[in-house]
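Structural description and commentary
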Amino acid sequence: MALIVQKYGGTSVGSPDRIKNVARRVAKFKAQGHDVVVVVSAMSGETNRLIALAKEVQANPDPRELDVIISTGEQVTIGLLAMALKELGQDAVSYTGAQVKILTDSAFTKARIQQIDDAPMRADLSAGKVVIVAGFQGVDAEGNITTLGRGGSDTTGVAIAAALKADECQIYTDVDGVYTTDPRVVPDARKLKTITFEEMLEMASLGSKVLQIRSVEFAGKYNVKLRVLSSFQEEGEGTLITFEEDSNMEKPVISGIAFNRDEARVNIMGVPDKPGIAYQILGPVADANIDVDMIIQNVGQDGTTDFSFTVPKNDLARTIKVLQGVQAHISAREVVGDDKICKVSIVGVGMRSHVGVAANMFRTLAEEGINIQMISTSEIKISVVVEEKYLELAVRVLHKAFGLEQAH
Ligand code: ADP
Ligand code: ASP
Ligand code: MG
């Protein structure tokens, strides 16, 4: 007998029939003698609908009130799933994040979990009940409802698994595991049996939305056995996130390709090439609480230089405004933004022991006439910024160039 935490995403609970399907799967595990805690997301599309609704009333929604609104999607699905289980004769009880309670800090819309009270859940499990917890939400020390950032139900699942020291945390979604890249973009993508935490962290942080990055961090920190599986298939091992590289396998140089459409590029042209200029540009951006990702400063010529960096697309207009505010002060010639860009990254621990990976990546893109605007690297990843219209082409040709496709 094991204690299993199962998390079901939006598509998996997207309709009453799908919720009934989840209930059958949960009841099956329970019938096998396991204790099951279930974490659910809102029905697919619901969180987007709620955000749009909020914006109709307040263009720039108050974060506390936004969390009050967007946390309601999950309150519906926990109740529905508890009912569906009861209909099957399986006792179940649903809890919101505040009821459990999942204590977070007060950073509305991106709160971090601080503590989870596991005692009530344990008591219910001992009484033979299935415990159902609303994903994505928590409560701060003052009793305010908080949410954990988009995709946050993954993190709820892993955090509960950590709090209960569960034997496994299973993330059920609409694909049957983690693939070499998003199978919706490359139909030939290959399912990975295992992927290391290190690689999964990079993939998640570089845009692969199959797992929220915080859930991967949490699982790594608290040693949670984490698996991604399909809720639409009866059988299947899914993908296990592991600490060790699989030494039996011929490890490919690259494990996966991630991409991100959510960034925009900012260029500040003709700034004086002197000490302190990067700080004078990025200081005000940081003060405005805008996250900066890739940064490039060109080699100066004639005493001036160009400076570029990327920010979330949503923050582009605000970034430009901040920079226009300091433009005269820093004597910049021009500030321009471009939101028609994307970031494509190759990820793999195999990169550590291979040379020529970057050259192969750049050659592959050059052969397709894809211009690289920015580059950044770490030990196990190389990211490039290219024009957004080339995203799918770039991912496809790189996938092929690094031999990631399925064996036919
Ligand atoms: P859920 O609602 O279940 O949380 P998400 O939409 O958040 O589901 O995540 C699953 C989706 O992640 C898949 O449908 C797929 O399109 C996308 N995805 C992106 N990169 C990958 C990858 N490398 N492997 C598998 N799925 C990926
Ligand atoms: N419902 C939330 C969202 O759409 C949380 C989640 O699905 O994980 O972001
Ligand atoms: Mg998700």
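Our subject is the structure that appears above.
Note that the structure is predicted; figures quoted are calculated from it, not measured.

What counts, and where the lines are drawn
Residues numbered from 1 in each chain as written. Chains lettered and ligands numbered in written order. Predicted model: local features only at pLDDT ≥ 70, side-chain atom pairs only at ≥ 80, totals over all residues. Heavy atoms only, no water. Near = heavy atom within 4 Å. Polar contact = N/O pair within 3.5 Å; in protein donor to acceptor, adjacent residues only side chain to side chain. Areas by Shrake-Rupley, 256 points an atom, 1.4 Å probe, with all protein chains shown as cover. Nonpolar A, V, L, I, M, F, W, Y, C, P; charged D, E, K, R; others polar. Buried < 20%, exposed > 50% of the residue type's maximum accessible area, 1.4 Å probe, protein only. Helix = DSSP H or I, 4+ residues; strand = E, 2+ residues; numbered from the N terminus. Pairing = 2+ DSSP bridges. Salt bridge = Lys/Arg side-chain N within 4 Å of Asp/Glu carboxyl O. Axes fitted to C-alpha atoms, helices over the stretch in contact; angles between N-to-C directions. Contact = heavy atoms within 4.5 Å.

Focus: the site of ligand 2
Around ligand 2, the neighbouring residues are Ser41, Ala42, Thr47, Glu74, Phe136, Arg150, Gly151, Gly152 and Ser153. At a separation of 2.7 Å, a nitrogen atom of ligand 2 approaches a polar side-chain atom of Glu74. The contact in question runs from an oxygen atom of ligand 2 to an N or O atom on the backbone of Ser153, over 3.0 Å. In the complex, the protein chains occlude 86% of the 270 Å² of accessible area that ligand 2 would expose alone. Taken together, the residues that form the shell around ligand 2 break down as two nonpolar, five polar and two charged.

Things to note about the pairing of strand β9 (residues 168-173)
Of all six residues in β9, six are buried, a share of seventy percent or more. Burial along β9 is two-sided: Glu168, Gln170 and Tyr172 and Cys169, Ile171 and Thr173, pointing in opposite directions, are all buried. The sheet contact formed by strand β1 (residues 3-8) and β9 spans five bridges and is parallel. In the strand pairing of β9, Gln6 is matched with Gln170. Note that β9 and strand β11 (residues 226-230) share five bridges and pair parallel. The partner of Tyr172 across the bridge, within β11, is Leu229.

Re the site of ligand 1
Near ligand 1 there are 17 residues, and of these Thr173, Asp174, Tyr179, Asp182 and Arg184 occur at the shortest range. Contacts to ligand 1 include Lys209, whose backbone N or O atom sits 3.4 Å from an oxygen atom. The protein chains hide 84% of the 570 Å² of surface that ligand 1 would expose on its own. For the shell around ligand 1, the per-class residue count stands at six nonpolar, six polar and five charged.

Thoughts on the pattern of salt bridges
In total, this model carries 22 salt bridges according to the counting rule given. A salt bridge links Lys7 to Asp154, with the shortest nitrogen-to-oxygen separation between them at 2.7 Å. Placement of Lys7 in strand β1 and of Asp154 in helix α7 (residues 153-163) is noted, with a sequence separation of 147 residues between them. Its relative accessible area of 7% is what places Lys7 among the buried residues. We note a salt bridge from Lys340 to Asp339, for which the minimum N-O separation is 3.3 Å. When salt bridges with common partners are traced through the structure, they connect Glu168, Lys225 and Arg227 into a single cluster.

Points about the sheet that holds strand β2 (residues 35-40)
Taken in spatial order, the eight strands of this open sheet run β3-β6-β2-β1-β9-β11-β12-β10, and their pairing is mixed. What marks the edges here is a single partner per strand, and that holds for β3 (92-95) and β10 (194-196). Each strand of the sheet is rotated relative to its neighbour by a mean of 20°, with strand direction disregarded. Of the pairings in the sheet, the one linking β2 to strand β6 (residues 130-134) comprises four bridges and is parallel in character. Residue pairing in the sheet places Val38 in a bridge with Ile132 of β6. Where α7 meets the sheet, its contacts fall on β1, β2, β6, β9 and β11, and the angle it forms with β2 comes to roughly 155°. Strands in contact with helix α8 (residues 197-205) are β10 and β12 (239-242); relative to β10, the strand with the most contacts, it is inclined by about 85°.

Here we look at helix α13 (residues 391-401)
Every α-helix winds through 3.6 residues per turn, so residues three or four apart in the chain are directed the same way. Within the span of α13, buried status applies to Leu391, Ala394, Val395, Val397, Leu398 and His399. Packing partners of the buried residues in α13 comprise β13 (256-260), β18 (341-347), α12 (357-367) and β20 (381-387). Two residues or fewer after α13 comes Gly403, characterised by a positive phi angle close to 65°.

What is shown is where atoms sit, not what they do.
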